[in-house]
Amino acid sequence: AGQVHALDLIRVTLADGSVRWCNNIGSIGITSDIVRRVKAMPARLPASLAFYSAVTTALLRWQPQAMQLTLDGQRIDGRFTCVSAANGRFFGSGLGIAPEARLDDGLMEVVLIANAGSLDFIRLLPQLRQARPLADPRVRYLRGRVLTVEGDAARCPLELDGELAGHAPVRFELVPAALRCLRRLPA
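Below or above, wherever it landed, is the structure these notes cover. A quick note: this is a predicted structure, and the numbers were derived from the prediction, not measured.

## What to know about the overall build of the protein
- Broken down by element type, the protein carries three helices and eleven strands.
- Order of helices (α) and strands (β) in the protein, N terminus to C terminus: β-β-β-α-α-β-β-β-α-β-β-β-β-β.
- Over its C-alpha trace the protein gives a radius of gyration of 16 Å, about what one expects of a compact globule, namely 16 Å for 187 residues.
- Considering only C-alpha atoms, the protein reaches an extent of 50 × 40 × 35 Å along its principal axes.
- Burial analysis of the protein (187 residues in total) assigns 43% to the buried set.
- About 9,500 Å² of surface is accessible on the protein, with carbon and sulfur atoms providing 55% of the total.
- For the protein, the centre of its 23 positive side-chain charges and the centre of its 17 negative side-chain charges are spaced 5 Å apart.

## Examining the environment of Asp-105
- The residue Asp-105 is located in the loop between β5 (74-86) and β6 (108-114) in this model.
- Residues Asp-105 and Asp-8 lie 97 residues apart in sequence; the distance between their C-alpha atoms is 7.5 Å.
- Once you skip the residues sitting within four places of it in the chain, Asp-105 turns out to touch Asp-8 and Arg-143.

Calculation notes
- Throughout this document, residue positions are counted from 1 along each chain, in the order its sequence is written.
- Only residues with pLDDT of at least 70 get local features here, since the model is predicted, and only at 80 or more are side-chain atom pairs given and counted; chain-wide, interface and lining totals rely on the full set of residues.
- Each side-chain value is derived from all of the structure's non-hydrogen atoms; neither hydrogens nor water enter the calculation.
- Labels follow the DSSP assignment, with helices taken as runs of H or I lasting at least four residues and strands as runs of E lasting at least two, numbered in each case from the N terminus.
- It is over C-alpha atoms that the radius of gyration is taken, and the globule rule equals 2.2 Å times the number of residues to the power 0.38.
- Each residue gets one of three labels from its accessible area relative to the maximum for its type: buried under 20%, exposed over 50%, partly exposed in between, using a 1.4 Å probe on protein chains only.
- Residue exposure ignores everything except the shown protein chains as possible cover, and the areas themselves are Shrake-Rupley values with a 1.4 Å probe.
- This count recognises Lys and Arg as positive and Asp and Glu as negative, with His and chain-terminal groups excluded.
- Where a charge sits is defined by one atom per residue type, namely NZ (Lys), CZ (Arg), CG (Asp) or CD (Glu).
- The contact rule is simple, with two residues in contact once any of their heavy atoms fall within 4.5 Å.

Scope: geometric values only; no functional claims are made or implied.
So this is what it looks like as structure tokens:
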């Protein structure tokens, strides 16, 4: 009674040439720093406490990092708080970072948050929970198929679907209809 539905995936090529796959969101910046901090917390802590503690610490310590991006051949340089290559809309604890992302449209939504300090990012968090585009000049929403990110590897860790996966430089490439899933038809 189901229907086959093709979903896009993101092929991620790391600095050493190895390939990983991402079905939701890959990001570099404060988001990967939060993941790193959560992973370092004692396992006995409740997940929500670990997450909010990591967010608080990261917000107090993270500084925007210089990165060089290329999206479908267009070069973008800047100091970024977060660079996300999104196939899905949500990550973290329900943050709608990529409100226009779709799992089956053949494009990534690339979200750039430039030069936002801790207080700025705290101000943006409630808006991110609503999964609507942020009306802030430091936030850009772009769409594309291939994104490369270069920057100081030690300062630009990478997370894929909530797991640490390496660091910059990295290449994200959207692969349309890479995964076929069985979808239940509505009753």
